[in-house]
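Residue-level structure breakdown
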Amino acid sequence: MDKNLEKKVINYGEAIYEATYQEMQRDNNVFAYGLGADDPKGHYGTTKDLHLKFGKNRCFDTPLSEDGMTGVGIGAAMAGLRPIFIHQRMDFLLLCMNQIVNMASKMRYISSGEHCVPLVIRVAIGRSWGQGAQHSQALQSFFMHIPGLKVIAPTTPHDAKGGLIASIRDNNPVIYIEHRMLYKNAGYVPTNSFEIEIGKGRVLKDGNDITIVGVSHTVEDSLRASELLKSVGVNAEVIDPISLSPIDYEIIRNSVMKTKKLLVVDNGWTRCGFSSEIITDVAINCEKITCERLGFADCPCPTTPSLEKHFYPNPSSIAKLANRMCGGNIDWSPPEVVQHEILSFKGPF
Amino acid sequence: MKNQFDIKKAYYLFLLIRKSEEKIIELYNSDKIKSPVHLSIGQEAIAVGVSLALSKSDIIFSNYRGHAHFIAREANLDKMWAELYGKSRGTARGKGGSMHLNDISKNFMPTSAIVTSAIPEAVGYAFALKYKKKNSVVICYHGEGATDEGVFWESLNFASLHDLPIIFICENNRYAIYSHQNTRSINDPIVSRAISFGIDAERISGNSTEEFFKATIRCKEKIKNNSKPQLLECMTSRWQDHVGVTQPELSKEEENNIKKAIKHDDLKNLENKLSKDEVLHIKKRVNKEIEHAIKFAEASDFPRSSELLENVYY
């Protein structure tokens, strides 16, 4: 087999590691840093032992100082390096907002193209086993709002690898959103280095009856919902946008023109979020489309499992709403689907 | 860069800054300048002294009160004026204004309007210089107001932790708009706090161009000998309002302090050390350069409407 086409089954975390390793090998200007980047766990294995392989100046631990460390990455990027700044939870990005919004996103504009900031900020969204109000927030809409930033949230190991490599090579600041519940997801990934195009979505499952668009982990649950829907004769099309800014509006419009029904399942709160953006675009550009949306409940995330299960959309709630939109029986109760990644997660974080 | 203080050049740069800003005051009410301005009048000695001690390859991070730093670095005055006018031949093609000057040919980085925000960038740039084994240093100008922000100390900590080639130039005029330093922090010198972070810090009083020059030369020497990051707490005073071209409304005591500072204006001290001919020659040159810059700005077009969406992304 041609080495260039070789694929291997690896998981999402391994795909991120592989992308980082290959880019660090390709380009001396790439370095990875963040709290615990060089610790024995290496961010769920994604940076494990990189400091031993590339030297401690290319993979290093930092003071907690999230705000300052973001600025350090911006400055280093302005000087021609390609930093990857890593956070274990997205909630901590709130400590970096001034640097991301006031500095990184504007540097090119206020210098009229003289400067650029090729900085990647990797963040993981947490979920389950007590992550609660401040370790589970999915704040993608904050960053989607800002011109000058790119935001991507890959779901599959393939896109995790190709998306990270594309982010590192991109000359703009990129917020690269991971999900804690996706790390063990396995799939075929090219062994060699490759990029996906930032700004292009992907139809993960073809269908004619309804378009379901997820984000990050809810793409996974939307695929599960599409399986449930088969039992009631509904053939759903499932789209993974991958890139949240820029958004591939075209792929969504094309799908809803065919299905006439759109269900957006955000991995986040619905108000002023990804679902608002997608439904607005479809309302303006496509005729006679029925739209619905699901997302986090309108409250902070509780820690107790008995309440947490009502906080997130799940395959059953997605399937139920989709079926109703397709004119199906409103009393249909889809069976509960086992979400292995969530059940098997026993913390600590 | 020479280790000898060049009085003629210092006087020229000082005068160029002073006269440019006086011209801004003169023209401000005509509404030709389309930008908030934070004037440096009273503080110029720092920019001039520091700049004369630098090499071409050194990197400058300034802030919204940046005219003096920009001009002392001999960055493009024509483009600065065009930027103030919002014109397409400006430093940011009219998209930045006074608060976001930049001149990449002089390693003068884009300035930020948010207090302290460019300081970690300056540290990150110094990190990159060390990473690439370059010999340049980063100059990071900031006011004492910046030391009120947490990220300032985060930056010092990281610079110290990694022994980065950076000189923090703290321009201490004691005021954040109208808030005196004593109402904002306990009454101790910033140097002592910086020293506790492992920074080599020194306070320079007297608002003298030559003293700031010598201190910067010392800092560069120390960095060359693998020493710690450096901080100079440069005591100075600002004679104008925080922003705009109005005079500040001061207490009697503070008014007297400013009067005293004006009496010891280092521009006059430098002038007194030169011959009449030299002074005359420099004055002519400065006037000519400012006139040229204003003509350049006036003759330039405003940017095309299609430029609105340019350079958002790479």
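1. Side note on the sheet that holds strand β14 (residues 290-296) of chain A
Residues and elements named next belong to chain A.
- Pairing is mixed across the open sheet formed by 5 strands, whose spatial order is β9-β11-β10-β13-β14. Only two strands of the sheet have a single partner each, and these edge strands are β9 (202-205) and β14. Adjacent strand axes in the sheet meet at a mean angle of 25 degrees, parallel and antiparallel pairs treated alike.
- Note that β9 and strand β11 (residues 236-240) share 3 bridges and pair antiparallel. From the neighbouring strand, Lys 205 faces β11, where its bridge partner is Val 238.
- Lying on the sheet, helix α10 (residues 274-285) is in contact with β10 (210-214), β13 (261-269) and β14; it crosses β13 at an angle near 155 degrees.
- Sheet strands in contact with helix α12 (residues 315-325) are β10, β13 and β14, and its direction is about 170 degrees off that of β14.

2. Quick word on the packing of helix α3 (residues 66-78) of chain A against helix α4 (residues 97-104) of chain A
Residues and elements named next belong to chain A.
- As a packed pair, α3 and α4 sit with axes 8 Å apart at the nearest point and diverge in direction by 30 degrees. Classified by the interaxial angle, the pair formed by α3 and α4 is roughly parallel. Contacts from Asp 67, Thr 70, Gly 71 and Ile 74 in α3 reach Gln 99, Ile 100, Met 103 and Ala 104 in α4.
- The class makeup of the residues in the contact of α3 with α4 is 4 nonpolar, 3 polar and 1 charged.

3. Some thoughts on unusual backbone geometry
- Each neighbour pair has its own omega, and for Ser245(A) with Pro246(A) the value is 0 degrees, a cis peptide bond.
- In this structure, Pro246(A) sits in the loop between β12 (243-245) and α9 (249-259).
- Backbone torsion omega between Gly347(A) and Pro348(A) reads 0 degrees, so that peptide bond is classified as cis.
- The residue Pro348(A) is located in the segment after α13 (340-343) in this model.
- The backbone phi angle of Asp49(A) is positive, close to 65 degrees, even though this residue is not glycine.
- Tracing the backbone shows Asp49(A) in the loop between β2 (30-33) and α2 (50-54).
- Its identity as a non-glycine residue notwithstanding, Ile177(B) has a phi of 55 degrees, on the positive side.

4. Considering α10(A)
Residues and elements named next belong to chain A.
- If you check α10, its first and last C-alpha atoms are 17 Å apart, about what 12 residues at 1.5 Å a residue would give, namely 16 Å.
- Those residues of α10 lying buried are Phe 274, Ser 275, Ser 276, Ile 278, Ile 279, Asp 281 and Val 282.
- Where α10 is buried, its residues contact α6 (140-144), β10, β12, α9, β13 and β14.

5. What to know about the side chain of Thr216(B)
- You can see Thr216(B) is positioned in helix α9 (residues 209-224).
- Non-local contacts of Thr216(B), meaning those with residues more than four positions away in its chain, are made with Val50(B), Ala53(B), Leu54(B), Ile167(B) and Leu232(B).

6. Description of the interface of chain B and chain A
- The partner chain A presents 44 residues to the 38 residues of chain B that form the contact.
- When the two sides are added together, the surface that chain B and chain A hide from each other amounts to roughly 3300 Å², 64% of it contributed by carbon and sulfur.
- Among the residues chain B hides against chain A, the three largest losses belong to Tyr131(B), Tyr313(B) and Tyr314(B). Together they make up 22% of the total.
- At the junction of chain B with chain A, the criterion picks out 0 salt bridges.
- For the interface between chain B and chain A, the tally reads 13 residue pairs in polar contact (both at pLDDT 80 or more).
- The set of elements that each furnish at least two residues to the side of chain B that touches chain A consists of α5 (119-131) and α6 (150-161) of chain B.
- Of all the elements, α5(B) adds the most residues to the side of chain B that touches chain A, at 8 residues.
- Partitioning the side of chain B that touches chain A into residue classes produces 20 nonpolar, 11 polar and 7 charged.

What counts and what doesn't
- Residues numbered from 1 in each chain as written.
- Chains lettered and ligands numbered in written order.
- Predicted model: local features only at pLDDT ≥ 70, side-chain atom pairs only at ≥ 80, totals over all residues.
- Heavy atoms only, no water.
- Pairing = 2+ DSSP bridges.
- Helix = DSSP H or I, 4+ residues; strand = E, 2+ residues; numbered from the N terminus.
- Axes fitted to C-alpha atoms, helices over the stretch in contact; angles between N-to-C directions.
- Contact = heavy atoms within 4.5 Å.
- Parallel < 35°, antiparallel > 145°, perpendicular 65-115°, else oblique.
- Nonpolar A, V, L, I, M, F, W, Y, C, P; charged D, E, K, R; others polar.
- Expected span 1.5 Å × (residues − 1).
- Buried < 20%, exposed > 50% of the residue type's maximum accessible area, 1.4 Å probe, protein only.
- Buried area = accessible area lost by both parts, 1.4 Å probe.
- Salt bridge = Lys/Arg side-chain N within 4 Å of Asp/Glu carboxyl O.
- Polar contact = N/O pair within 3.5 Å; in protein donor to acceptor, adjacent residues only side chain to side chain.

Bear in mind that shape data such as this cannot, by itself, settle questions of function.
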